[in-house]
Amino acid sequence: MPIEPFSPESKEQKKAHRLGRVLGELAGLVVVKDYEATHDELTGLLNKAALKEKLHEKIQAQRGKEKPDEFGLFFGDLTNFKKANDELGHERVDRLLRDFSGVLSSKVRDTDHGGNDNLAHERLIQEEDNEVGRYGGDELAGIIDLTPKTEAGRDMGKKERMNIVAGRVQTV
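Conventions used here
- Residues numbered from 1 in each chain as written.
- Predicted model: local features only at pLDDT ≥ 70, side-chain atom pairs only at ≥ 80, totals over all residues.
- Heavy atoms only, no water.
- Salt bridge = Lys/Arg side-chain N within 4 Å of Asp/Glu carboxyl O.
- Helix = DSSP H or I, 4+ residues; strand = E, 2+ residues; numbered from the N terminus.
- Buried < 20%, exposed > 50% of the residue type's maximum accessible area, 1.4 Å probe, protein only.
- Core = buried A, V, L, I, M, F, W, Y, C linked by side-chain atoms within 4.5 Å.
- Contact = heavy atoms within 4.5 Å.
- Pairing = 2+ DSSP bridges.
- Axes fitted to C-alpha atoms, helices over the stretch in contact; angles between N-to-C directions.
- pLDDT = per-residue confidence, 0-100.

What to know about the pattern of salt bridges
For step 1, the next point in the chain: Summed over all chains, the structure comprises four salt bridges.
For step 2, the next point in the chain: Across the pair Asp 40 and Arg 134 runs a salt bridge, and its minimum N-O distance is 3.1 Å. With Asp 40 in the loop between α1 (11–38) and α2 (48–62) and Arg 134 in strand β2 (residues 131–134), this residue pair connects regions lying 94 residues apart in the sequence. One exposure class covers both Asp 40 and Arg 134, and it is buried.

A few points about the nonpolar core
For step 1, the next point in the chain: Residues Leu 45, Phe 74, Leu 104, Val 108, Val 132, Leu 140, Ile 144 and Leu 146 constitute the largest nonpolar core, which totals eight residues.
For step 2, the next point in the chain: Looking at this core, the elements with two or more residues in it are α4 (90–109) and β3 (139–145).
For step 3, the next point in the chain: With sequence-adjacent residues up to four places away left out, Leu 140 is seen in contact with Leu 45, Phe 74, Phe 75, Gly 76, Phe 100, Ser 101, Leu 104, Gly 133, Arg 134 and Tyr 135.
For step 4, the next point in the chain: With five residues, the next largest nonpolar core counts Leu 46, Ala 50, Ala 141 and Ile 143 among its residues.

Looking at the sheet that holds β3
For step 1, the next point in the chain: What the three strands build is an open sheet, ordered β1-β3-β2; its pairing is antiparallel. Sheet topology places β1 (71–77) and β2 at the edges, where each strand pairs with a single neighbour. Across the sheet, the mean angle from the axis of one strand to that of its neighbour is 15°, orientation sign disregarded.
For step 2, the next point in the chain: Inspection of the sheet shows β1 paired to β3 by seven bridges, in the antiparallel sense.

Re the confidence of the model for the chain
When pLDDT is low, close inspection of the predicted coordinates is not appropriate.
For step 1, the next point in the chain: Looking at the chain as a whole, its pLDDT mean stands at 75, while 64% of the residues score no less than 70.
For step 2, the next point in the chain: Here helix α5 (residues 118–122) stands out as the element of the chain with the lowest mean pLDDT, 42, in contrast to α2, whose mean of 91 is the highest.
For step 3, the next point in the chain: Every residue in residues 111–126 scores below 50 in pLDDT, and together they form 36 contacts with partners more than four places removed in sequence or on other chains.

Shown next, in the form of structure tokens:
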């Protein structure tokens, strides 16, 4: 009769440990699947369905507020996208789209307040409130929070705040 090596764990402890490991792996898979269900595979931006859901949530959050938050939407497409795909090839254009999406997202999310940007001082835009998504093949869209975060920001007109955001997006 073979002798089993000494183990300080009981069979129940081993089963519980194994079950915990399996549950941890499953939880990781759920997180990955959730991300895949809401994000564009190529760009990593929100996909169309997730962007629409974020917009719906933003609108619903405004209901009943005495002074609703101000927010804007942008929508654009990349000029000559199909022609570029045909002439440069899908791989190069996919790389360009990924790069462009990353730059656009960082501009809109205002993660780098560098320079003399009014947004840095006024804190008009909070990065967690902004969303950028890939609406379709060459179509990108975003939701931008325009609600002033400071008294100085409130003194600035909505149009001026929108122009700051538009300037960020146009520099991409």
